[in-house]
Amino acid sequence: MNPEQAGGDLSAFWMPFTDNRGFKARPRMFASAEGMYYRTPEGRPVLDSTAGLWCVNAGHGRRAIVEAIREQAAELDFAPTFQLGHPKAFELASALADMMPAGLDRIFFTNSGSEAADTSLKMALAYHRANGEGARTRLIGRERGYHGTNMGGTSVGGIGGNRRSFGAQIWGVDHLSATYRAEAAFTRGQPDTNEDMAGELERLVALHGPETIAAVIVEPVACSTGVLVPPRGYLERLREITARHGILLIFDEVITAFGRLGAPTAAHYFGITPDIVTMAKGLTNAAVPMGAVAASRAVHDRIVEGAPRGIEFFHGYTYSGHPLAAAAGLATLGVYAEDGLFARAADLNAYWEAAVHGLKGERHVVDVRNLGLIAGIELTPRADSPGRRAFDVFQRCFDDGLLIRVTGDIIALSPPLIISEAQIDEIVERIGTALRAVD
């Protein structure tokens, strides 16, 4: 599509995480979506293997969600939640509390995953201050981790390109190493390892002192960086170390919550209860922007019940618990339950795993990683232009009617949970065709 076909002047929109010059020379546009498919302005279907951007878990255009938003907009378009409220925000908070692991039943609403990550970090700092341990200000993230693009999330995040342009960030942040090891290539599900990767936290505790560390934040599966699956025992060991040293453990589940692993959250899937869980994306099936943080009763009560009378937590957003987002969230949770989509994802896991690992041996493929309905296909980079080979595959797939996501030289897949086995086969076949066509 040329710029004229895309609607004329494209210059005003400064696009996020985009090669703006390249896109505007050759636009790729969507005009509508339903079920598993987008449609371009000229009506060409594009099979969605990424759930939009890891977020449309129930598939596109779900009528129950659309109607809930429409009805809510007509009834109450906006209500503030600073010293006021509206019923649906409380109703959604209760529904989410019931869905979370036991004890994580205090819900704070945000507008995005980035805001949820920063909110969780503020909660951790506020908790320790309320606990009389105000020296606990250090935050521990992980290399190749992604926690959004606000200043807190950028600081604890570990993707170099997201950090280099912005100079000074939050002081006192340190990082665990990433969980990826090349020798585990083509592992199906969680790798086994004799290396105590999580034990690295003990070294950071010894270096900085446990009395200085507020929280450790990790994605249970590091998705945006290219699907890095934790080895067996890793998350369990992090939980044990943090609990022993009085450090809060935060699971960033902006991607992994709401069925992506065949369970309500990755915490359920792994059988580990952190102190705080962040979420967004699938919370409203992406129909209205919304994020949330689920805090343990202990964290909430220490901050709220221990504060002087008045405002206890000086944090929030104009649109926290927005009526349209709350309505979309309630409708989305209803669709998940009525269609049994979390169980469906679990049932599809074996078929998905076998299909994506069928790309082993294809041209350029050096690794395939998977867990739940997520997969990462890593390609050999071109010596002179890292990331370009995967982008060329992305472009070929789009032209062939398939939406994939690429990060560096890794293809990342995360389809809507309504996907069929035939559509899984179609995704793998089209990726294979593109790989064979790209130098």
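First, a word on scope: everything that follows refers to the structure included in this document. Predicted model, so just to flag it, every value in this text is computed and none were measured.

## So, the overall build of the protein chain
Helices and strands together make up the secondary structure of the protein chain, namely 15 helices and 15 strands. Relative to its length of 439 residues, the protein chain is compact, with a C-alpha radius of gyration of 22 Å against a globular reference of 22 Å. With respect to the three principal axes, the spread of C-alpha positions in the protein chain is 65 × 55 × 45 Å. Within the protein chain, buried positions represent 56% of all 439 residues.

## Digging into the pattern of salt bridges
All chains considered together, the criterion is met by 21 salt bridges. For the salt bridge of D399 with R26, the shortest nitrogen-to-oxygen distance reads 2.9 Å. Note that D399 is positioned in helix α14 (residues 388-399) and R26 in the loop between α1 (20-25) and β1 (32-34), a separation of 373 residues in sequence. Exposure remark for D399: the relative accessible area of 42% places this residue in the partly exposed category. Of the residues examined, R26 reaches a relative accessible area of 40% and is grouped as partly exposed. For the salt bridge of R244 with E202, the shortest nitrogen-to-oxygen distance reads 2.5 Å. Taken together, the residues span a long stretch of sequence, with R244 in helix α9 (residues 234-245) and E202 in helix α8 (residues 200-208) at a distance of 42 residues. We classify R244 as partly exposed; its relative accessible area is 46%. Note on E202: relative accessible area 22%, which makes it partly exposed.

## Some words on the environment of A280
Turning to its location among the elements, A280 is positioned in the loop between β9 (276-279) and β10 (291-295). A280 sits 234 residues away from V46 along the chain, and the two C-alpha atoms are 25 Å apart.

## Points about helix α3 (residues 63-75)
In this model α3 runs 18 Å from its N-terminal to its C-terminal C-alpha over 13 residues, within 8% of the 18 Å that 1.5 Å per residue would give. Residues of α3 that are buried include every one of I65, A68, I69 and Q72, and no others. The buried residues of α3 occupy an angular sector of 95° when projected down its axis, which confines them to one face. Looking at α3, the residues exposed on the side facing more than 90 degrees away from the buried face are R63, E71 and A74. Where the residues of α3 are buried, they touch α4 (87-99) and α12 (323-339).

## Observations regarding a negative patch on the surface
Among the surface-exposed residues, D400, E421, D425 and E429 lie close enough to one another that they form a single negatively charged patch. Within the secondary structure, E429 sits in helix α15 (residues 421-437).

## Side note on the sheet that holds β10
Spatially, the seven strands line up as an open sheet ordered β4-β10-β9-β8-β7-β5-β6, and their pairing is mixed. Edge positions in the sheet fall to β4 (106-110) and β6 (173-176), since each of these pairs with one other strand and no more. Strand after strand, the sheet turns through a mean of 20° between neighbouring axes, direction not considered. With three bridges connecting them, strand β8 (residues 248-252) and β9 associate as parallel partners. Considered in β9, the bridge of D252 is made with T278.

## Some remarks on the packing of α3 against α12
Packing of α3 against α12 leaves a shortest axis separation of 8 Å and a crossing angle of 155°. Overall, the two elements α3 and α12 adopt an arrangement that is roughly antiparallel. α3 and α12 meet at a crossing whose hand is right-handed. Residues A64, I65, A68, I69, Q72 and A73 of α3 form the contact with α12, whose own contacting residues are P323, L324, A327, A328, A331, T332 and V335. Residues belonging to the contact of α3 with α12 are distributed by class as follows: 11 nonpolar, two polar and no charged.

Scoring rules and cut-offs
- Residues numbered from 1 in each chain as written.
- Predicted model: local features only at pLDDT ≥ 70, side-chain atom pairs only at ≥ 80, totals over all residues.
- Heavy atoms only, no water.
- Helix = DSSP H or I, 4+ residues; strand = E, 2+ residues; numbered from the N terminus.
- Rg over C-alpha atoms; globule rule 2.2 N^0.38 Å.
- Buried < 20%, exposed > 50% of the residue type's maximum accessible area, 1.4 Å probe, protein only.
- Salt bridge = Lys/Arg side-chain N within 4 Å of Asp/Glu carboxyl O.
- Expected span 1.5 Å × (residues − 1).
- Arc of directions from axis to C-beta.
- Contact = heavy atoms within 4.5 Å.
- Patch = residues over 30% accessible without salt bridge, like charges linked within 9 Å, V, L, I, M, F, W, Y side chains within 5 Å.
- Areas by Shrake-Rupley, 256 points an atom, 1.4 Å probe, with all protein chains shown as cover.
- Lys, Arg positive; Asp, Glu negative; His and termini not counted.
- Charge placed at Lys NZ, Arg CZ, Asp CG, Glu CD.
- Pairing = 2+ DSSP bridges.
- Axes fitted to C-alpha atoms, helices over the stretch in contact; angles between N-to-C directions.
- Parallel < 35°, antiparallel > 145°, perpendicular 65-115°, else oblique.
- Left-handed = near helix turned anticlockwise from the far one by under 90°.
- Nonpolar A, V, L, I, M, F, W, Y, C, P; charged D, E, K, R; others polar.

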